[in-house]
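Chain by chain, the residues run as shown.
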Amino acid sequence: MPVLITALAVLACAWLLAHKQNRAVALITRAAERLAAGDWSARVGPLRDDELGRLGRSLDQLAERVQKDIDQLRRSDQVRKDFTANVSHELRTPLAAIKAFAETLHEGAAEDPEHRMEFILEIESNADRMTRLVDDLLTLSTLDSKTQRPAPESIDLMRVAAEVTATLKPLARRKELGLRLEPFRDVPPVCGDRSQLKQVFTNLLDNAIKYTPGKGMVRVSASCAEDRVTVSVQDTGPGIPAEDLPRIFERFYRVDKARSRELGGTGLGLAIVKHIVEAHGGSVAVESRPGAGSTFSFTLPAT
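The model shown is predicted, which means the values in this text are computed figures rather than measured ones.

Engineer: Describe the nonpolar core, listing the residues and the values that go with them.
Structural biologist: Residues Leu157, Phe201, Leu204, Leu205, Val231, Phe296 and Phe298 are the most contacted members of the largest nonpolar core, which totals 45 residues. Secondary structure elements with two or more residues in this core: α3 (113-145), α4 (157-174), α5 (194-211), β4 (217-225), β5 (228-235), α7 (269-279), β6 (283-288) and β7 (294-301). No other element matches α5, which puts seven residues into this core. Membership of the second largest hydrophobic core comes to seven residues, among which are Leu27, Ala31, Val44 and Leu59.

Okay, here's the thing in structure tokens:
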């Protein structure tokens with residue numbers, strides 16, 4: 001009798017083991033079939049820690065990696081489509097204006113001294129807008145392709161900021177804005193491409209001046225902590241709503257589309273800033289509240 005009980009126990013264990021093995025094989029097979037059919041959400045799920053269990057985990061890990069790659073490709077494709085649509089829209093608007101004013105001149109307005117110069121100036125303004133857009137697109141294309149790598153040298157950020165501030169002072173003066181460059185005390189040099197970092201200062205200061213109402217103030221300052229240099233551009237403009245802040249550095253993203261175009265913005269300046277700063281091993285940030293102005297900052301490694 002004990003022998004019979006032992007035999008039955010062995011048979012029961014063998015049956016249970018075979019059942020678990022068959023279940024594991026079935027789960028792995030079913031997941032593999034779904035993956036082969038293109039369903040990359042299929043997973044084997046938790047199994048025992050044995051050969052089949054390890055096989056199932058490996059299959060799940062492979063599926064997760066492929067799923068991430070597919071999701072990234074889809075996002076990249078959507079970004080490409082959105083970018084193409086945005087470029088087409090941004091170019092179509094000034095082209096339509098140029099065509100309309102040129103046709104008006106052709107139909108007889110050229111003989112009207114009162115309106116002729118107005119139409120010519122509108123054509124020039126829209127042509128300038130297209131030129132700025134194309135220049136920014138070429139800059140982004142160069143940065144994206146990485147064909148023009150930063151030419152690293154030791155950069156005195158205070159000197160670069162002073163050059164850009166001097167260039168933009170006439171623009172600030174026309175709007176009756178204060179443009180103040182605070183001393184960069186105890187700020188060491190950074191290693192980077194001088195022309196690209198000058199572009200960062202230009203884009204941030206140009207934006208601040210454009211969007212700050214008359215009699216306002218734009219300040220540039222810098223500090224250093226833990227081998228990181230932080231440069232800030234603060235304005236007394238209208239501020240940015242909280243829901244727009246996470247997207248402010250995206251290409252073609254505008255808080256106020258009509259006002260941005262009216263001021264000559266291309267919607268690419270802050271995207272260029274982000275691209276350049278990150279290529280230098282840094283990061284960008286913005287703090288703002290409606291009615292309380294904005295502070296755009298970027299951080300770079302100190303040398």
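Engineer: Pulling in residues and values, what's your account of the packing of α5 against α7?
Structural biologist: Where α5 contacts α7, the two axes come as close as 9 Å, and the packing angle between them is 145 degrees. Where α5 crosses over α7, the handedness of that crossing is left-handed. Counted together, Gln196, Gln199, Val200, Asn203, Leu204 and Asn207 of α5 and Gly269, Leu270, Ile272, Val273, Ile276 and Val277 of α7 form the full contact between these two elements. Of the residues assigned to the contact of α5 with α7, the class counts are seven nonpolar, five polar and no charged.

Engineer: An account of the sheet that holds strand β2 (residues 178-181) is requested, with residue identities and associated values reported.
Structural biologist: Ordered by their spatial adjacency, five strands build an open sheet running β2-β4-β5-β7-β6, and the pairing between neighbours is mixed. A single partner strand is all that each edge strand has here, and the edge strands are β2 and β6. Taking the axes of each pair of neighbouring strands and ignoring which way they run, one obtains an average angle of 15 degrees across the sheet. As paired elements, β2 and β4 share four bridges and run parallel to each other. Among the inter-strand pairings, Leu181 is bridged to a residue of β4, identified as Val220. Of the strands in this sheet, β2 and β5 are in contact with α4, which crosses β2 at around 170 degrees.

Engineer: Provide a residue-level description of the pairing of β5, including the pertinent values.
Structural biologist: Of the strand pairs in this sheet, β4 and β5 are connected by eight bridges, and their pairing is antiparallel. Within β5, the position partnered with Ala222 by the bridge is Val231. With antiparallel pairing between neighbouring strands as the criterion, β4 and β5 make up a hairpin whose turn holds two residues, including Glu226 at a positive phi of roughly 55 degrees. Bridge count between β5 and β7: eight bridges; the pairing is antiparallel. What sits directly across from Val231, in β7, is Phe298.

Engineer: Please set out the packing of aromatic side chains residue by residue, giving values where relevant.
Structural biologist: To describe a pair of aromatic rings, one takes the distance between the centres and the angle between the planes. One pass over the structure, following the stated rule, counts three aromatic pairs. Look at Phe201 and Phe298: their rings are 5.5 Å apart centre to centre, the planes differ by 80 degrees, and that puts the pair in the edge-to-face class. Of the two residues, Phe201 is situated in helix α5 and Phe298 in strand β7; the sequence distance between them amounts to 97 residues. Each member of the pair Phe201 and Phe298 is classed as buried.

Engineer: Describe the pattern of salt bridges, with residues and values.
Structural biologist: Considering all chains together, one arrives at eight salt bridges under this definition. Ionic pairing is found between Lys198 and Glu163, a salt bridge with its closest N-O pair at 3.6 Å. Residue Lys198 is located in helix α5, and its partner Glu163 is located in helix α4; the two are separated by 35 residues in the primary sequence. With relative accessibility at 29%, the residue Glu163 sits in the partly exposed group. For Glu182, the salt bridge goes to Arg219, with nearest N and O atoms at 3.9 Å. With Glu182 in the loop between β2 and β3 (190-192) and Arg219 in strand β4, this pair connects stretches of sequence that are 37 residues apart. A single network of salt bridges, built from pairs that share partners, joins Glu163, Arg194 and Lys198.

Engineer: Talk me through the confidence of the model for the protein chain; I want residue IDs and the actual numbers.
Structural biologist: Summarising the model, the protein chain shows a mean pLDDT of 81, and 80% of its residues fall at 70 or more. Note that pLDDT drops below 50 for residues 3-19; the model gives that stretch one contact with residues more than four away or on any other chain.

Engineer: How would you explain the side chain of Asp136 if you had to name every residue and give the values?
Structural biologist: Here Asp136 lies in helix α3. We note that Asp136 is buried and unpaired, the nearest opposite charge coming from Arg132 at a distance of 7.1 Å. Apart from the residues within four sequence positions on either side, Asp136 is in contact with Thr266, Leu268 and Ile272.

Engineer: How would you summarise the environment of Ile276 if you had to cite specific residues and measurements?
Structural biologist: When you line up the elements, Ile276 lands in helix α7. Exposure remark for Ile276: the relative accessible area of 2% places this residue in the buried category. Considering only alpha carbons, one finds Ile276 and Gln199, 77 residues apart in sequence, at a separation of 8.6 Å. The contacts of Ile276, once residues within four sequence positions are left out, are Leu143, Gln196, Gln199 and Val200.

Procedures and definitions
- Residues numbered from 1 in each chain as written.
- Predicted model: local features only at pLDDT ≥ 70, side-chain atom pairs only at ≥ 80, totals over all residues.
- Heavy atoms only, no water.
- Core = buried A, V, L, I, M, F, W, Y, C linked by side-chain atoms within 4.5 Å.
- Buried < 20%, exposed > 50% of the residue type's maximum accessible area, 1.4 Å probe, protein only.
- Helix = DSSP H or I, 4+ residues; strand = E, 2+ residues; numbered from the N terminus.
- Axes fitted to C-alpha atoms, helices over the stretch in contact; angles between N-to-C directions.
- Left-handed = near helix turned anticlockwise from the far one by under 90°.
- Contact = heavy atoms within 4.5 Å.
- Nonpolar A, V, L, I, M, F, W, Y, C, P; charged D, E, K, R; others polar.
- Pairing = 2+ DSSP bridges.
- Phe/Tyr/Trp six-rings, centres within 6.5 Å; stacked < 30°, edge-to-face > 60°.
- Salt bridge = Lys/Arg side-chain N within 4 Å of Asp/Glu carboxyl O.
- pLDDT = per-residue confidence, 0-100.
- Lys, Arg positive; Asp, Glu negative; His and termini not counted.

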